[in-house]
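Fold and contact review
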Amino acid sequence: MKFSIPLLLLLTVLSLELSAQSADTVKYISLEPYDFHLAWLRDDTAMLIDVREFFEFKRSRIKDAVLISSSGNLEFAADTLDKDLALFLYCTTDYRSIRVAREFAEKGFRVVYNLEGGIRAWRKDGFPMERHRLKGTKAQWRKGKATGRQSD
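Below is a summary of the structure that appears in this document. On a predicted model such as this, the values are computed, not experimentally measured, just so you know.

Each strand in a sheet pairs with its neighbour through backbone hydrogen bonds, running either in the same direction (parallel) or in the opposite one (antiparallel). With parallel pairing, the five strands of this open sheet are ordered in space as E1-E5-E4-E2-E3. Each edge of the open sheet is held by one strand with a lone partner, namely strand E1 (29–31) and strand E3 (66–67). One ladder, built from four bridges, connects strand E4 (residues 86–90) with strand E5 (residues 111–115); its direction is parallel. Residue pairing for E5: Ala-86 is matched across the bridge by Val-111.

What follows is the structure in structure tokens.
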């Protein structure tokens with residue numbers, strides 16, 4: 001009898017912790033620019049995704065990033081991407097990329113990273129960026145008819 005009450009109490013506490021943990025578990029990882037960059041370079045299955053709007057992406061972006069706008073059809077993007085890819089997401093300040101990171105994690109992606117502080121923090125910490133403007137309209141880019149740099 002002496003052991004049953006503490007044991008019962010211990011089991012109750014453990015079950016409460018486990019149930020609370022599953023409800024509040026973070027399904028993505030937010031990393032500072034340095035750690036984000038290292039994780040991105042180390043992961044062979046990494047895909048760098050800019051979730052900003054086309055006009056923002058057109059102006060400047062992290063090298064090798066692809067644009068999947070947070071205002072676009074994320075459902076379609078989630079269905080077409082390989083769930084085994086490690087997704088590295090960023091936006092301007094990390095507000096939109098956190099929302100997209102949650103959505104992709106809920107869709108079953110194995111690893112989802114968010115750039116804490118967004119591209120502003122990335123730039124502030126001195127990491128490389130592509131700053132040249134892209135030539136072409138959003139429609140041309142979707143069709144693959146636009147080209148790299150805008151002529152000056």
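And the narrative resumes.
All right, on to unusual backbone geometry then. With phi around 75 degrees, Asp-64 is a residue other than glycine that occupies positive phi space. Its location among the elements puts Asp-64 in the loop between helix H3 (54–59) and E3. For Asp-64, a relative accessible area of 54% gives the class exposed. At Asp-94, a residue that is not glycine, the phi angle is positive and equals roughly 105 degrees. For Asp-94, the location among the structural elements is in the loop between E4 and helix H5 (95–106). Residue Asp-94 is classed as buried on the basis of its relative accessible area, which comes to 16%.

Our next topic: H5. Taking 1.5 Å per residue as the helical rise, H5 with its twelve residues ought to reach 16 Å, and the 17 Å between its terminal C-alpha atoms agrees with that figure. Every buried residue of H5 is listed here: Ser-97, Ile-98, Val-100, Ala-101, Phe-104 and Ala-105. Viewed along the axis of H5, the buried residues span an arc of 165 degrees, placing them on a single side of the element. Counted as exposed and oriented over 90 degrees from the buried face of H5: Tyr-95 and Glu-106. Two residues or fewer after H5 comes Gly-108, characterised by a positive phi angle close to 100 degrees.

Calculation notes
- Residues numbered from 1 in each chain as written.
- Predicted model: local features only at pLDDT ≥ 70, side-chain atom pairs only at ≥ 80, totals over all residues.
- Heavy atoms only, no water.
- Pairing = 2+ DSSP bridges.
- Helix = DSSP H or I, 4+ residues; strand = E, 2+ residues; numbered from the N terminus.
- Buried < 20%, exposed > 50% of the residue type's maximum accessible area, 1.4 Å probe, protein only.
- Expected span 1.5 Å × (residues − 1).
- Arc of directions from axis to C-beta.

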